[in-house]
There are 2 protein chains.
Amino acid sequence: MSLRDQMRKGSTEILILSLLADQPMYGYQISQELAQRSSGYFDVKEGLLYPTLHRMQQAGLLQSQWQETETARRRKYYALTAKGREVLADQASEWQEFMRHLQAMLAS
Amino acid sequence: MSLRDQMRKGSTEILILSLLADQPMYGYQISQELAQRSSGYFDVKEGLLYPTLHRMQQAGLLQSQWQETETARRRKYYALTAKGREVLADQASEWQEFMRHLQAMLAS
DNA sequence: TTCAATGCATAATAAAATTAGGTATTGTGA
DNA sequence: TCACAATACCTAATTTTATTATGCATTGAA
C-alpha cells in the first residue's frame, strides 16, 4: 500500500457523509465528485466505495433508493439520515481535533 | 474500533519519525512521550508500537541499539537513519497535503 | 462493432490496527 | 515483606479498512 493510500484510511466515511450533506447522490457519482472536487486527490475505488455505502446504510447513516433514468440505466441514490447528519458533525469535529494534534506533533 | 482509533490509522509512522527527529528514544519512552506531548490524545498500544518499530527498522528508517541502565533494566534505543529523515520529510508533506484536501472537503 | 465509460456488486488478499497474552525487573505502599 | 503498579520488551489472534481483480449489464462513440 502506498503512503498516500495508507493515510487515507479512515477518511472514506467522512468524505461520503460530507458530500451527501449537499444532496443525495448515487455511488458512481460520489466517486466522480470526490475526485473532481479534490482535483483527483481522493480516488475511492469501487471495491471500497460500495461495501462502505452498504455498511453505512446498515449503520443507519444513509438511506438508499433505486431510481430509473430516462436511459434505463439504474442508479441507487444515497441520502443522509438524521443520524447520518449527527455522525457527520461528530466525525468532522473529531477530524479537526485529530488534525490539530497531528499538526502540533509535526511542528514541534 | 472507535472513531478516534479509526482515523488514527496510518499516523503511527509519522508520529514515531517526528519524535525521533529530536533524539533517540526507546520504545516505552516513545509511547510515553507521544501521550504526554499530545495530552493523552495519541496512545500507541504496545501491540502496535513494537511491530511498527521493527518494521521501520527493517525498512531502513531506524537503527536500534540495546543499552543497559544503571538499574540493569534493558532498553532498546531507536534513532533515525538518513533514510528515516528523508522519509520523515516526505511523509510530513504528504500529511500536510492530505489535511489540506480534507479541510477543503469538509469546508465545502 | 468493438471498446471506453457508466453503474452496480462481490471475492481474495494485504496492511495496520485492536485485544490479549507472555516474560522479566524495579519501585512503592499497606 | 510482599503484593501490585510501573517499567520494558515481545508475539499471536482477530478485526477493520483498504487493495486488486473480478463479474454483469447498459450506453455512447470511434
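Preceding this section is the structure that the text describes.
Quick caveat, the model's predicted, so the values are computed rather than measured.

A. Quick look at the overall build of chain A. Helices and strands together make up the secondary structure of chain A, namely five helices and three strands. Expressed as a percentage of the 108 residues in chain A, the buried residues total 44%. Contacts in chain A between residues at least 24 apart in sequence constitute 48% of all its contacts with a sequence separation of at least 6. In the form shown here, chain A has an accessible surface area of approximately 5900 Å², with 46% of it arising from carbon and sulfur atoms.

B. Summary view of the sheet that holds strand β2 (residues 62-68) of chain A. Residues and elements named next belong to chain A. Across the sheet, which stays open at both edges, the three strands sit in the order β1-β3-β2 with antiparallel pairing between neighbours. Among the strands making up the open sheet, the edge pair consists of β1 (25-26) and β2. Of the strand pairs in this sheet, β2 and strand β3 (residues 74-80) are connected by seven bridges, and their pairing is antiparallel. Following the sheet pairing, Trp 66 is matched in β3 by Lys 76. The sheet strands contacting helix α2 (residues 12-22) are β1, β2 and β3, and the helix crosses β3 at an angle near 95 degrees.

C. View of the pattern of salt bridges. Residues and elements named next belong to chain A. In total, this model carries eight salt bridges over all chains according to the counting rule given. Measuring nitrogen to oxygen at the nearest pair gives 3.3 Å for the salt bridge that ties Lys 45 to Asp 43. Each of Asp 22, Glu 33 and Arg 37 takes part in one network of salt bridges that share partners.

D. Expanded view of the environment of A:His101. Note on placement: A:His101 falls in helix α5 (residues 82-107). For the pair A:His101 and A:Met56, spaced 45 residues apart in sequence, the C-alpha separation works out to 27 Å. When near neighbours in sequence (up to four residues on either side) are disregarded, A:His101 contacts B:Ser38, B:Tyr41 and B:Phe42.

Calculation notes
Residues numbered from 1 in each chain as written. Chains lettered and ligands numbered in written order. Predicted model: local features only at pLDDT ≥ 70, side-chain atom pairs only at ≥ 80, totals over all residues. Heavy atoms only, no water. Helix = DSSP H or I, 4+ residues; strand = E, 2+ residues; numbered from the N terminus. Buried < 20%, exposed > 50% of the residue type's maximum accessible area, 1.4 Å probe, protein only. Contact = heavy atoms within 4.5 Å. Areas by Shrake-Rupley, 256 points an atom, 1.4 Å probe, with all protein chains shown as cover. Pairing = 2+ DSSP bridges. Axes fitted to C-alpha atoms, helices over the stretch in contact; angles between N-to-C directions. Salt bridge = Lys/Arg side-chain N within 4 Å of Asp/Glu carboxyl O.

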